[in-house]
Amino acid sequence: MTTTSEVLRADPAVERTRGHQRAWGWYDWANSAYVTTTGTVLISPYLTSLARNDACPDLPAGQTCDATLSVLGLPVAVGSIAPYTITVATIVSAVVLLFVGAIADRHPRPTWLLGGLAWAGATAASLMFFLQGTNWQLGVLLIVIANLCLGASTVVYDALLNRIAHPDDRDRVSSRAWALGYLGGGLLLVLNLVVLQTYESLGLSYGMAIRLSLLSAGLWWAVFTLIPVIGLRRIRGTTATPVERSAGVVGGTVSQLRDTFGELRRYPHTLTFLLAYLFFNDGIQTVITSASLYGTEALGFDTAQLTITILVVQFVAFFGALFFGVVAGRVGAKRTVLAGIVMWTLVVAFAYFVPRGAFTVWLVCAVLIGTVMGGTQALSRSLYSQLVPRGRESEFFSFYQAMERGTSWFGTLAFGLTYQLTGSYRPAILVTIVFFVVGGLILTRVRMREGIAAAGNEQPRIV
């Protein structure tokens, strides 16, 4: 009799060794440099400065530029260029990723597709080195391309988790990879911040220091992507894709998406998980994106203090992701994620009561955020992987990414509306609790064992 393990060993779509798992995790290390250095810290203020140079070339330092720029014939305030660009990139990604997932499931070499998308994004990120003067238009284009490629490559990357890890190992593998990402992103950010603080002694202008930092993030992303691409090069496309390959890339992709939308009702627990993820992940993303604004406006911290906060969160998240992975191995990923959501609720409540100017108390809040942030996100990925039908991993993970990107503006909208109605950032940050509570309640309704069985997957020992 042929055993399940023997079938998996013979399947070229599956490579479940520690070496493959380590190679896979390096992509978190690779892309986190761009996410942290470029996406989180540098590109928005730098793009805004380029737009300001164009709209108000003779404006004295320290004064506000009230002029607008024309974008596709529409007047846009200088300060809105960066957030609007990220919003457009997010919305475009939410649509495009659905097609990327279907294509990836039909691709004979998914790791080469991962590499191609990553290197395209890394190229766009590296070309940000040439942003200077008033060429903010090039910056807009490069941000959209880099963010789109980041999301597309992440769809392929996340789907490979099912190929390289047994159901019992995914929580551990996903958590370690996520932790590795926080470590890599934090290390490059520290190096770049040193350059930005010492640029004069290095014989650089401040603009050149920023451009070199942007370049370093792109090169880091490109170079370290070699590890998963080479390490997983033997993995082939699955033979379980439900659409005939003879249909062609375009026709087969459209047919596969049409069939998937029609069959989603067969996976009610997968859909329920996605709905829960929509809410609690939106809460997470709102806290992350609004923390610096809250720290500056509500608590009165300066740029140096906020930089320290970001680094504390980044490095604590490394240990937090590992800790959550260990806990999940004992009590199950679902219980651990639910506990993480409760912790998020308490952290937000704690942040509400931080006194203005109390930086030490704020750092305690940063430690709590770092502890819960990485673990919750890493385990959500591994938990969802159990509910994905075999052979359609990329397509279903495209829904996962699209859910994150296409709806990630709900929380920030609620944050902004609350501030507008109350005139204070404290109730605005408190409103994010609603997203955690709703997401947690919906997650309790997901019956993992039934969902795993409906997806036709092997049951893990603990969920």
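Residues numbered from 1 in each chain as written. Predicted model: local features only at pLDDT ≥ 70, side-chain atom pairs only at ≥ 80, totals over all residues. Heavy atoms only, no water.

A.B. asks: If you had to explain the overall build of the chain to someone new, which residues and values would you point to?
C.D. replies: Scanning the chain for helices and strands turns up 17 helices and two strands. Expressed as a percentage of its 463 residues, the buried residues of the chain come to 52%. A sequence separation of at least 24 residues applies to 83% of the contacts in the chain between residues at least 6 apart. Accessible surface for the chain amounts to roughly 19700 Å². Of this, 66% is attributable to carbon and sulfur atoms. (Helix = DSSP H or I, 4+ residues; strand = E, 2+ residues; numbered from the N terminus. Buried < 20%, exposed > 50% of the residue type's maximum accessible area, 1.4 Å probe, protein only. Contact = heavy atoms within 4.5 Å. Areas by Shrake-Rupley, 256 points an atom, 1.4 Å probe, with all protein chains shown as cover.)

A.B. asks: Mind laying out the environment of T296, listing which residues take part and the relevant values?
C.D. replies: Inspection of the secondary structure puts T296 in helix α9 (residues 268–298). In this structure, the C-alpha to C-alpha distance between T296 and R356, residues 60 residues apart in sequence, is 9.8 Å. Contact partners of T296, with chain neighbours within four places excluded, come to F301 and L306.

A.B. asks: Quick rundown of the packing of helix α10 (residues 303–331) against helix α11 (residues 333–352)? Include the residues and the values.
C.D. replies: Interaxial distance between α10 and α11 falls to 7 Å at its minimum, and their mutual angle equals 130°. In terms of orientation, α10 lies oblique with respect to α11. The segment α10 lies against α11, with F324, V327, A328 and V331 engaging A333, R335, T336, G340 and M343. Its residues assigned to classes, the contact of α10 with α11 comprises six nonpolar, two polar and one charged. (Axes fitted to C-alpha atoms, helices over the stretch in contact; angles between N-to-C directions. Parallel < 35°, antiparallel > 145°, perpendicular 65-115°, else oblique. Nonpolar A, V, L, I, M, F, W, Y, C, P; charged D, E, K, R; others polar.)

A.B. asks: So what's going on with the confidence of the model for the chain? Which residues, and what values?
C.D. replies: For the chain, per-residue confidence averages 86 on the pLDDT scale, and residues scoring 70 or more make up 89% of the total. With pLDDT under 50 throughout, residues 1–10 is counted as low confidence; its partners more than four residues away or in other chains account for six contacts. Note on residues 239–243: pLDDT under 50 across the span, and twelve contacts to partners over four residues away in sequence or across chains. (pLDDT = per-residue confidence, 0-100.)

A.B. asks: Please provide a residue-by-residue account of the pairing of strand β2 (residues 74–77), values included.
C.D. replies: Alignment of strand β1 (residues 68–71) against β2, held across four bridges, turns out to be antiparallel. Looking at β2, one finds that L69 is bridged to V76. Taking the residues between adjacent antiparallel strands as the criterion, β1 and β2 are bridged by two residues, where L72 takes a positive phi near 55°. (Pairing = 2+ DSSP bridges.)

A.B. asks: Tell me about the packing of helix α2 (residues 18–55) against helix α7 (residues 206–231), and please be specific about residues and values.
C.D. replies: Their axes nearest at 8 Å, the elements α2 and α7 cross at an angle of 165°. By the angle between their directions, the pair α2 and α7 is classed as roughly antiparallel. As α2 packs across α7, the resulting crossing turns out to be left-handed. For the contact of α2 with α7, the per-class residue count stands at 19 nonpolar, eight polar and one charged. (Left-handed = near helix turned anticlockwise from the far one by under 90°.)

A.B. asks: Residues and numbers for the nonpolar core, please.
C.D. replies: Within the largest apolar cluster, 63 residues are counted, with the highest numbers of intra-cluster contacts made by F273, F280, Y294, W344, Y384, F436 and L443. When residues of this core are assigned to their parent elements, the largest contribution, eleven residues, is made by helix α12 (residues 359–385). Ranked by size, the runner-up nonpolar core spans 54 residues in total, among them L47, C56, A124 and V155. (Core = buried A, V, L, I, M, F, W, Y, C linked by side-chain atoms within 4.5 Å.)

A.B. asks: Lay out the side chain of T286 with the relevant residues and their values.
C.D. replies: The topology assignment puts T286 in helix α9. Apart from the residues lying within four places of it in its own chain, the contact partners of T286 are G411, T412, F415 and T432.

A.B. asks: Which residues make up empty space enclosed by the protein, and what are the values?
C.D. replies: Inspection of every chain in the model, using the stated rule, returns one cavity of 30 Å³ or more. Computed from the structure, the largest cavity encloses a volume of approximately 80 Å³. Lining the largest cavity, in full, are V287, A291, Y294, V347, V348, A351, W362, C365, I369 and I429. For the lining of the largest cavity, the secondary structure elements donating two or more residues are α9, α11 and α12. Grouping the amino acids of the lining of the largest cavity by side-chain chemistry returns ten nonpolar, no polar and no charged. (1 Å grid on protein atoms, 1.4 Å probe; cavity = no way out; pocket = protein on both sides within 12 Å on 5 of 7 lines; lining within 4 Å. Points joined across faces, edges and corners; volume = space filled by probe spheres on them.)

A.B. asks: Report on the layout of surface pockets, specifying residues and quantitative values.
C.D. replies: Computed from the structure, the second largest pocket encloses a volume of approximately 350 Å³. Taken together, 13 residues make up the lining of the second largest pocket; nearest its centre are V71, L72, Y84, V88 and V140. At the level of elements, β2, α3 (81–106) and α5 (136–164) are the ones that each hand at least two residues to the lining of the second largest pocket. When residues of the lining of the second largest pocket are assigned to their parent elements, the largest contribution, five residues, is made by α3. Of the residues in the lining of the second largest pocket, the class split is ten nonpolar, three polar and no charged.

A.B. asks: Could you give an account of helix α16 (residues 433–444), naming the residues involved and the relevant values?
C.D. replies: Relative to the 16 Å expected for twelve residues at 1.5 Å per residue, α16 spans 17 Å between its end C-alpha atoms, a close match to the ideal helical length. Looking only at α16, the buried set comprises I433, F435, F436, G439, G440, I442 and L443. (Expected span 1.5 Å × (residues − 1).)

A.B. asks: Tell me about the packing of aromatic side chains, residues and numbers included.
C.D. replies: Centre-to-centre distance and the angle between the planes together describe a pair of aromatic rings. Evaluated as defined, the whole model comprises 29 aromatic pairs. Where Y277 meets Y400, the ring centres are 4.3 Å apart and the plane angle is 20°; that geometry is what we call stacked. Taken together, the residues Y277 in helix α9 and Y400 in helix α13 (residues 393–406) connect sequence positions 123 residues apart. In this pair, the class of Y277 matches that of Y400, namely buried. Above the ring of F129, the side-chain terminus of R211 is found at 4.4 Å from the ring centroid. (Phe/Tyr/Trp six-rings, centres within 6.5 Å; stacked < 30°, edge-to-face > 60°. Lys NZ or Arg CZ within 6 Å of the ring centre and 35° of its normal.)

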